[in-house]
Amino acid sequence: MQQIKKVVIAGGGTAGWLAAAALSKQLGPLVEISLVESDAIGTVGVGEATIPTILSFHQLLGISEAEFIRATQATFKLGIAFENWGDLGDRYIHSFGQVGKATWMGEFHHFWLRAKELGFGGGLGDYCYELQAAEQGKFATSEKSSINYAYHLDATRYAGFLRRQSEARGVKRVEGKITTVQQHPESGFITALTLDSGRQVEGDLFIDCTGFSGMLIEQTLGVGYEDWTHWLPTNSALAVQTESSAPAKPYTRAIAHEAGWRWQIPLQHRVGNGMVFCDHYQNAEQARSELLKSIDGRPLTEPRLIRYKTGRRHRVWEKNCIALGLSSGFLEPLESTSIHLIMIGLTRLMQMFPFSGISVPVLHRFNEQAREEMEKIRDFIILHYKATQREDTPFWKFCREMEVPDSLAQRIALFEESALVHRNADELFRVDSWVQVMLGQRIEPRAYHHMGRLMGKEQLRQALSSLKNSISTAIEKLPRHQDFIDRYCKADAPEVCR
Ligand code: FAD
């Protein structure tokens, strides 16, 4: 039960610098923080699409939005457009917005399903403000209107931005490669990191942000890994940056291909592109050539191959070490959830911080919450692969036929039978998210709640059309996304962009 005064963060990617920024801002005078990173090893350099929870985390860090956007060349994101997922030629947007208006008895999609049965109503997305704004390339924030959004950001600049904030608050950065991790001979607790220079960095609590290698949590403490590749079979990605060739769209594109999918993330100064694929079905050379054929702008970098194994560490907190980011496990970036998982992990750490020493019940609770969060997100991502009509390639046949976790199988069965959807406590994805993705992936409910029948046909038609019109009128007033960026937060000042 040694008191925790010195915190050592191993690794300076997005996870490491987010940890430094959050702990220095919130726990500043209570702990001494140092961060060890190696320029020679570098960071994974991807991770550029986020979800709306980033806004509240930035508030916690006292980050000014305009300053952050200029420094990271960020753009705004209203959702993700999924192309070729339910079937070849399909397209839908999973937006961050609310769809229609829910009642206490049930959600809006029950009214919409009733209208479809009667032959009117249009698309479900017609009733979502954020989705319509995304489709029309429009965006604005203001104190008067509320809009649910996130960002696309440059990962390397983001780490640099957080580093400047952290160092200004007293975080000590140590450059060097960690070669050995020292442990207490009896307890096995980590006592220090030894660097290639011979220097020792001692601490009471160690945060492992060393990326996929998990140098502390796995290579030293050997907690083990739960492999989820039988549910999420992609295991490789190729990332390439290109010049922008059109105004930035306010959404991410996720385009399914023969053995995975491809992303397109528009930033102010460039576009991030990548292929996610399973190397049992497509080799890296084939994926590389497909990626280069499909990109729009001139490549600015060589495609970079990243290998990964989907899954999670059995425990993310072991002894006096807490793993964050890629060292804690990995879910592919289809719903842009990894940075969120770092942020939620940090929030929990600050709430449960072991000032008086490591306590086993606290450690268990922390691990249990981390497991639940990741499993729920995992199910949502598997849904995109499982619920497909595609049979055109062996990869999609496999996905369509694979067994899924019971928790997901039950959700799908419930929706198919009754159109009912729920959100469990502490679950990230909202009912609207599940509905948009389930319908977008062509799951057709056999029944729906009959509250829609309480309205007459004409009354329902009028209610839907007035909702649709009010959204269209509001969207007309919005500026174009690119114009809003140019006016509000264009990254044109070189001194803040470095
Ligand atoms: P890294 O960036 O790998 O950083 C590791 C750090 O540890 C580096 O500073 C390195 O130098 C240091 N280090 C390692 N070993 C040593 C050593 N021996 N000595 C000293 N230092 C060491 N997330 C999202 O939220 N949205 C996305 O759109 C998204 N897209 C992704 C796409 C792909 C293909 C992949 C693979 C991931 C994606 N992610 C995404 C996840 C996201 O990239 C990571 O969660 C995020 O970058 C955090 O990485 P990290 O800091 O844990 O690891």
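Note that this is a predicted model, so its numbers are computed, not measured.

**Considerations on the overall build of the protein**
Item 1. Of regular secondary structure, the protein possesses 15 helices and 21 strands.
Item 2. Here the C-alpha atoms of the protein give a radius of gyration of 23 Å, agreeing with the 23 Å that 2.2 N^0.38 yields for 498 residues.
Item 3. For the protein, the spread of C-alpha atoms along the principal axes amounts to about 75 × 50 × 45 Å.
Item 4. Looking at the 498 residues of the protein, the share that counts as buried comes to 57%.

**Some words on the sheet that holds strand 11 (residues 205–208)**
Item 1. Strand order in the open sheet formed by six strands is 7-2-1-11-20-19, and the pairing between neighbours is mixed. One side of each edge strand has no neighbouring strand; the edge strands of this open sheet are strand 7 (172–175) and strand 19 (317–318).
Item 2. Relative to strand 7, strand 2 (residues 32–37) runs parallel, the two being bridged by four bridges. Looking across to strand 7, one finds that Leu35 is bridged to Arg173.

**A look at the sheet that holds strand 12 (residues 225–227)**
Item 1. The antiparallel open sheet is built from three strands, whose spatial order is 12-18-21. The sheet is open, and its two edges are formed by strand 12 and strand 21 (329–330), each paired on a single side.
Item 2. Pairing of strand 18 (residues 311–313) with strand 21, which is carried by two bridges, proceeds in the antiparallel orientation. Within the sheet, the bridge partner assigned to Gly311 lies in strand 21 and is Phe330.
Item 3. Its contacts with the sheet put helix 9 (residues 360–386) on strand 18 and strand 21, and the angle it makes with strand 18 is roughly 175 degrees.

**Considerations on the site of the ligand**
Item 1. The full set close to the ligand counts 33 residues, and Gly12, Ala49, Ile178, Leu326 and Ile339 are the nearest of them.
Item 2. Residue Gly12 places a main-chain N or O atom 2.9 Å away from an oxygen atom belonging to the ligand.
Item 3. Val44 is positioned with one of its backbone polar atoms (N or O) 3.0 Å from an oxygen atom of the ligand.
Item 4. Starting from 1,000 Å² of accessible surface for the ligand in isolation, the protein chains cover 96%.
Item 5. With three residues, helix 8 (residues 338–351) is the largest single contributor of residues to the shell around the ligand.
Item 6. Tallied by class, residues from the shell around the ligand come to 16 nonpolar, 14 polar and three charged.

**Things to note about the domain arrangement of the protein**
The parts lose accessible area when they come together, and the size of an interface is often stated as this lost area.
Item 1. When the domains of the protein are assigned, the result is domain 1 (6–48 + 154–229 + 310–358), domain 2 (99–144 + 378–476) and domain 3 (236–307).
Item 2. For domain 1 versus domain 3, the separation of C-alpha centres amounts to 28 Å.
Item 3. Together, the buried faces of domain 1 and domain 3 total about 900 Å²; carbon and sulfur atoms form 60% of this surface.
Item 4. By the criterion of area lost to domain 3, the three top residues of domain 1 are Val46, Glu48 and Asp154, representing 46% of everything that side buries.

**Quick notes on the side chain of Thr50**
Item 1. Tracing the chain through its elements places Thr50 in the loop between strand 2 and helix 2 (53–60).
Item 2. Looking at Thr50, the relative accessible area reads 2%, which means it is buried.
Item 3. In terms of polar contacts, Thr50 uses its side chain to reach the backbone carbonyl oxygen of Tyr151, at 2.7 Å.
Item 4. Excluding anything up to four places from it in sequence, Thr50 contacts Lys77, Phe96, Ala150, Tyr151, Leu153, Ser336 and Ile339.

**Topic: helix 12 (residues 431–440)**
Item 1. The buried count for helix 12 comes to ten of ten residues, which makes it a mostly enclosed element.
Item 2. For helix 12, every residue scored as buried is listed here: Val431, Asp432, Ser433, Trp434, Val435, Gln436, Val437, Met438, Leu439 and Gly440.
Item 3. Of the surrounding elements, those touching the buried residues of helix 12 are strand 5 (91–95), helix 4 (108–118), helix 5 (129–135), helix 9 and helix 11 (406–418).
Item 4. Phi turns positive, to about 70 degrees, at Arg442, one or two residues after helix 12.

**A closer look at the environment of His384**
Item 1. Checked against the element boundaries, His384 lands in helix 9.
Item 2. Given a relative accessible area of 0%, His384 falls into the buried group.
Item 3. As a C-alpha pair, His384 and Arg400 span 16 residues in sequence and 9.9 Å in three-dimensional space.
Item 4. Here Phe380 takes part through its backbone oxygen, which lies 2.8 Å from a polar atom of the side chain of His384.

The rules behind each value
Residues numbered from 1 in each chain as written. Predicted model: local features only at pLDDT ≥ 70, side-chain atom pairs only at ≥ 80, totals over all residues. Heavy atoms only, no water. Helix = DSSP H or I, 4+ residues; strand = E, 2+ residues; numbered from the N terminus. Rg over C-alpha atoms; globule rule 2.2 N^0.38 Å. Buried < 20%, exposed > 50% of the residue type's maximum accessible area, 1.4 Å probe, protein only. Pairing = 2+ DSSP bridges. Contact = heavy atoms within 4.5 Å. Axes fitted to C-alpha atoms, helices over the stretch in contact; angles between N-to-C directions. Near = heavy atom within 4 Å. Polar contact = N/O pair within 3.5 Å; in protein donor to acceptor, adjacent residues only side chain to side chain. Areas by Shrake-Rupley, 256 points an atom, 1.4 Å probe, with all protein chains shown as cover. Nonpolar A, V, L, I, M, F, W, Y, C, P; charged D, E, K, R; others polar. Domains from an automatic or database assignment. Buried area = accessible area lost by both parts, 1.4 Å probe.

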